[in-house]
Amino acid sequence: KAIQYFCPDKAQPLLTLSVVLHQRYFQTVTMPRKSGPVPAAPSGAAVPAEQFDMVFHCQLAHGSPTKQVRDFTNVKQLYESIAKAFGINTAEILYCTLNTHKVDMTRLLGGQIGLDDFLFAHVKGTEKTVKVVKDGPALGLTISDNGAGYAFIKKIRDDSIMSRVANIAVGDHIAKINGTDLTGCRHFEVARMLKEIPIGSEFTMVCVEPKKSFDEIAGRGAKPADAQPNVAAGSGKKTLRMKQSGGAVVEDAPTDAHMAVINKIDDLLENFVGIRDSELATTVYDLAKAAKTDDVFAGSLDEQLADFEFPDDFVLDVHELVHKA
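Residues numbered from 1 in each chain as written. Predicted model: local features only at pLDDT ≥ 70, side-chain atom pairs only at ≥ 80, totals over all residues. Heavy atoms only, no water.

### What to know about the pattern of salt bridges
Summed over all chains, the structure comprises 13 salt bridges. Its salt-bridge partner being Lys-212, residue Glu-209 comes within 3.8 Å of it at the nearest N-O pair. Residue Glu-270 is joined to Arg-276 by a salt bridge in which the shortest nitrogen-to-oxygen separation is 2.5 Å. Of the two residues, Glu-270 and Arg-276, both sit in the buried class. (Salt bridge = Lys/Arg side-chain N within 4 Å of Asp/Glu carboxyl O. Buried < 20%, exposed > 50% of the residue type's maximum accessible area, 1.4 Å probe, protein only.)

### Focus on the packing of helix α5 (residues 278-290) against helix α7 (residues 312-324)
Look at α5 against α7: their axes get within 9 Å of each other, and the N-to-C directions meet at 75°. Here α5 lies roughly perpendicular to α7, going by the angle between them. On the side of α5, the interface is formed by Val-284, Tyr-285, Ala-288 and Lys-289, while α7 contributes Phe-314, Val-318, His-319, Val-322 and His-323. Counted by class, the contact of α5 with α7 contains six nonpolar, two polar and one charged residues. (Axes fitted to C-alpha atoms, helices over the stretch in contact; angles between N-to-C directions. Helix = DSSP H or I, 4+ residues; strand = E, 2+ residues; numbered from the N terminus. Parallel < 35°, antiparallel > 145°, perpendicular 65-115°, else oblique. Contact = heavy atoms within 4.5 Å. Nonpolar A, V, L, I, M, F, W, Y, C, P; charged D, E, K, R; others polar.)

### So, the pairing of strand β11 (residues 173-177)
Strand residues, when the strand is regular, have side chains that alternate between the two faces of the sheet. Where burial is concerned, most of β11 is hidden: four out of the five residues are buried. Where β11 and strand β13 (residues 202-210) come together, four bridges link them in antiparallel fashion. Opposite Lys-176, over in β13, you have Val-206 as the bridge partner. Hairpin geometry of β11 and strand β12 (residues 180-181) is characterised by an intervening segment of two residues between the two adjacent antiparallel strands and by a positive phi of about 50° at Asn-178. (Pairing = 2+ DSSP bridges.)

### A closer look at the side chain of Asp-172
Relative to the helices and strands, Asp-172 is located in the loop between β10 (151-156) and β11. In this structure Asp-172 comes out as buried when scored by relative accessible area, which is 1%. Apart from residues no more than four positions distant in its own chain, Asp-172 is found in contact with Lys-128, Ala-151, Phe-152, Ile-153, Asn-167, Cys-207, Val-208, Glu-209 and Pro-210.

### A look at the packing of helix α4 (residues 256-273) against α5
Their axes nearest at 9 Å, the elements α4 and α5 cross at an angle of 110°. As far as their axial angle goes, α5 and α4 are roughly perpendicular. Crossing geometry of α4 relative to α5 is assigned as right-handed. Residues His-258, Val-261, Ile-262, Ile-265, Asp-266 and Leu-269 of α4 form the contact with α5, whose own contacting residues are Ser-278, Leu-280, Ala-281, Thr-282, Val-284 and Tyr-285. Residue composition of the contact of α4 with α5, grouped by class: eight nonpolar, three polar and one charged. (Left-handed = near helix turned anticlockwise from the far one by under 90°.)

### Regarding the layout of surface pockets
Size it by volume and the second largest pocket reaches roughly 520 Å³. Surrounding the second largest pocket, 22 residues form its lining, Ala-191, Lys-195, Phe-272, Val-273 and Gly-274 being those nearest its centre. Every element with two or more residues in the lining of the second largest pocket is listed here: β9 (141-145), α3 (187-195) and α4. Residues belonging to the lining of the second largest pocket are distributed by class as follows: 12 nonpolar, three polar and seven charged. (1 Å grid on protein atoms, 1.4 Å probe; cavity = no way out; pocket = protein on both sides within 12 Å on 5 of 7 lines; lining within 4 Å. Points joined across faces, edges and corners; volume = space filled by probe spheres on them.)

### Focus: the packing of aromatic side chains
We describe a pair of aromatic rings using the distance from one ring centre to the other and the angle between the two ring planes. By the definition in use, this model includes seven aromatic pairs. An angle of 40° between the planes, with centres 5.1 Å apart, marks the rings of Phe-118 and Phe-120 as tilted. For Phe-118, a relative accessible area of 3% corresponds to the buried category. On the accessibility criterion, Phe-120 (2% relative accessible area) is buried. With a centroid separation of 5.8 Å and an interplanar angle of 75°, the aromatic rings of Phe-272 and Phe-314 are classed as edge-to-face. Pair noted here: Phe-272 is in helix α4 and Phe-314 is in helix α7, with a separation of 42 residues, a long-range link. Joined through ring pairs, the aromatic side chains of Phe-188, Phe-272, Phe-308, Phe-310 and Phe-314 make up one cluster. (Phe/Tyr/Trp six-rings, centres within 6.5 Å; stacked < 30°, edge-to-face > 60°.)

### A short note on the state of the cysteines
What the rule picks out here adds up to zero disulfides. There is no disulfide at Cys-96, and the cysteine sulfur nearest it, in Cys-58, is 5.7 Å away. Here Cys-96 falls in the buried class, since its relative accessible area comes to 1%. (Disulfide = S-S within 2.5 Å.)

### Comments concerning unusual backbone geometry
The phi torsion at Asp-71 lies on the positive side, around 60°, for a residue other than glycine. Assessed through its relative accessible area of 67%, Asp-71 is described here as exposed. Positioned with a positive phi, Asn-178 is a non-glycine residue whose angle comes to about 50°. Looking at where Asn-178 falls in the secondary structure, it is placed in the loop between β11 and β12.

### Quick notes on the pairing of β13
For β13, the tally of buried residues reaches seven of nine residues, placing the bulk of the element in the interior. The pairing of strand β8 (residues 119-133) with β13 spans eight bridges and is antiparallel. What sits directly across from Glu-127, in β13, is Val-208.

Shown next as structure tokens:
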């Protein structure tokens, strides 16, 4: 039975904890008991992740046994833990999705993981080379990255230049542009490089698609979506948040209203910069919330996120959005 597939080893005493991220659907995860009590924290306060002995369950998205991963406070450490569990090279991991083995960009791992989220690691598959003629100013690509040096295609707009290019798909890792190795580049750097290609010129992209599952098999351990409980955000559940500045904390899941604003900021990132990044959107939200004026907000962005070179309209739109919410 599907529920048995997710059951962990009961060789030691276990404490079952059911928690959730955002508005998605989740399984139950277990956490070994600590030898002593976890220090209490005020209601709603973030608790350092080190105070919990957290265990997450993971599979390789194309098919594998279930393994346990633990002892990480950032995305790079998570990938290292997954690679060690499955005996693969960390460089083989493109990205992870939550609670689905499919290449579903709506369930892409960002900076937050619900403490009962089930992880699926997508690894490198076939490499392919495509030639693109840039016959207009916008290619129609939205770029994201895995937080550990790989940029990939998160969205291809309908009726765009890239939508007419054969053999390229959402989820493909962009490895090279015109022979330039993009390993280590952030999403905004790749988006900027594509934007700077002259209109009317032809360029070459080397992409790596994720290794495919066996026909995206249903029921390989995950319950059908219609069989999973619908748990709303903001109902006292917890998430692990891996901060871009380093470290991780366990905190209450964002409320629906909070997530609505962050999603709108993510939309603005796509419109102005050509990227989507939920953790970046959350960081921008926090900076805007703490700034009483748009000038102070602009200064905070320049101090902490200068590489993104956010335009003035983005700064004004985000500050107004956050303080009207």
